[in-house]
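The primary structure of each chain is shown beneath.
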Amino acid sequence: MIVENEKIPFDINAIRAEFPVLKQKIYGKDLIYFDNGATSQKPQVVLDAINKYYSQENSNIHRGVHHLSQVATSHYEEARTIIQKYINAPLQEEVLFNSGTTAGINMVAFCFGELLTEGDEIVISAMEHHSNIVPWQMLCERKKCILKVIPMTKKGELEMDVFDNLLSNKTKLVAVSHISNSLGTINPIEEIIEKAHAIGAKVLIDGAQSIQHMKVDVQALDCDFYAFSGHKVFGPTGVGVLYGKKEILDSMPPYQGGGDMISKVTFEKTTYNTLPHKFEAGTPHIAGGICLGTAIEYLSKLDIDAIQKHEYELAQYAEQELLNIDGLRIIGTAKNKTSVVSFVIEGIHPFDIGTLLDKQGIAVRTGHHCTQPVMSFFEIPGTIRASFAFYNTKNEIDIFIKAVNRSLKMLR
């Protein structure tokens, strides 16, 4: 369990030693992993926890009276408590396990969406990931609701004065990303939540890109829903969390039917289980849930303020060095940014740069990053995105800059 105030000093060399994948070579070069926005690497403690579950504790949960089932159930629910404390959720049952941020958003779109009627309005932003666009479009088609979009500036900042005008007594939900995955913009979610609540709307925050970079306190934010993925926060793939306020979750119908989400089943009628089980039908990703708890416990022992400072300095340094390259343009220059640097180079397709960087042992992401409307807004096919984690270094950025220049010599 989390030990309050017990923090490990921020030692970059010691931290890097805990991530086995960083020790390998790609095409004979030391791996430089700058694709953390897509998925993060896993510390040894998480890898050990995965192995321990499958080799010593493997069993279904909540259903068995035998020893292994009780051990697995205990560890799974302990993980829920670890996550509850980390995000400062008031109640353990407000933490719902699922397969990731996408699943959490879809759950809200379906379940909360069932409470909406024709003409109700949903507000999202122009910089959303497809996973925070498409579910709301599907809801609007199903329930004949209206989708509205907060525009953004060429810096990649939301036009908050326009947001004010979008809100009305028909607005039922505002769904925005805490941090843009393609631009790195940290959105003013405190202001968004306050203004949405003032007109009676609920707020969902897509936290896929934020919880690994900064402290998240759902009570201080007063958000109604907060979704994030395990694999982006140094945990396993295929598992994530949706936080929701209890009174709202209680008012929503379940997402799926099946085992564990029921209280009593007859052919005439089924009554549903209490939270969180009402929204967790079927056998879950047990190892994923347990080991996400391990990852959050690991992260909780680090100094999150030191992490945030380190990652910010990496991004600033990378932008500073990249801007020395002729024809290079940073996409996303918001004043309030985190550790994402997206850029394009005049006359060069992002895919070509990404391919050549890979041959030099450097992993970046190229393309539209599941934000096609963002790319359309900037009139580009995609970007080269370097996204940093706390285990990255300025020395890696120096090698990255040299590799970009070397690649350009081959392409120009």
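Just so it is clear, the structure is predicted and the values come from calculations on it, not from any experiment.

## What about empty space enclosed by the protein?
Point 1. If you walk through the whole model with that rule in mind, you get one cavity of 30 Å³ or more.
Point 2. In this model, the largest cavity occupies a volume close to 40 Å³.
Point 3. Taken together, the residues that form the lining of the largest cavity break down as three nonpolar, four polar and two charged.

## A few points about the packing of aromatic side chains
Point 1. Summed over the entire model, instances satisfying the criterion amount to 15 aromatic pairs.
Point 2. Aromatic pair Phe234 and Tyr391: ring centres 6.2 Å apart, planes at 75°, arrangement edge-to-face. Of the two residues, Phe234 sits in the loop between β9 (225–229) and β10 (240–244) while Tyr391 sits in the loop between β17 (383–387) and α14 (394–411), which places them 157 residues apart along the sequence. The two residues Phe234 and Tyr391 agree in class, both being buried.
Point 3. Three or more aromatic residues joined by ring pairs make a cluster, and in this case those are Phe19, Phe234, Tyr298, Phe390 and Tyr391.
Point 4. Positioned over the ring face of Tyr86 is Lys215, at 4.6 Å from the centre of the ring.
Point 5. In this arrangement the basic side chain of Lys394 is found over the ring face of Tyr317, its NZ or CZ atom lying 5.3 Å from the centre.

## Concerning α14
Point 1. Across its 18 residues, α14 extends 26 Å between first and last C-alpha, which sits within 8% of the 26 Å expected from 1.5 Å per residue.
Point 2. Buried residues of α14: Glu396, Ile397, Phe400, Ile401, Ala403, Val404, Ser407 and Leu408, and no others. The buried side chains of α14 occupy one side of the element, clustering within an arc of 165° when seen end-on. In α14, those exposed residues whose orientation departs by more than 90 degrees from the buried face are Asn395, Lys402, Lys409 and Met410.

Thresholds, definitions, all that
- Starting from 1, residues in each chain are numbered consecutively following that chain's sequence as written.
- Residues qualify for local features only when their pLDDT is at least 70, as the model is predicted, and side-chain atom pairs are given and counted only at 80 or more; totals for whole chains, interfaces and linings, by contrast, use all residues.
- The basis for every side-chain value is the complete set of non-hydrogen atoms in the structure, without hydrogens or water.
- As defined here, a cavity is a set of points on a 1 Å grid over the protein atoms alone where a 1.4 Å probe fits but cannot get out. A pocket is an open set with protein on both sides within 12 Å along at least five of seven lines, and residues line them when an atom is within 4 Å of a point.
- Grid points are joined across faces, edges and corners, and a volume is the space filled by probe spheres set on the points.
- Residue polarity is assigned by list, with Asp, Glu, Lys and Arg as charged and Ala, Val, Leu, Ile, Met, Phe, Trp, Tyr, Cys and Pro as nonpolar; anything else, Gly included, falls into the polar class.
- Between the rings of Phe, Tyr and Trp (Trp by its six-membered ring), a pair exists once the centres lie within 6.5 Å; its type follows the angle of the planes, with under 30 degrees stacked, over 60 edge-to-face, and the other angles tilted.
- Runs of H or I in DSSP of at least four residues are treated as helices and runs of E of at least two as strands, each being numbered from the N terminus.
- Partly exposed residues are those whose accessible area sits between 20% and 50% of the maximum for their type, while under 20% is buried and over 50% is exposed, using a 1.4 Å probe and protein chains only.
- Both a distance and an angle decide whether a charge sits over a ring: NZ of Lys or CZ of Arg must be within 6 Å of the ring centre and within 35 degrees of the ring normal.
- Given a helix with a known number of residues, its expected span is that number minus one, times 1.5 Å.
- Throughout, the arc means the angular range of directions from the helix axis out to the C-beta atoms.

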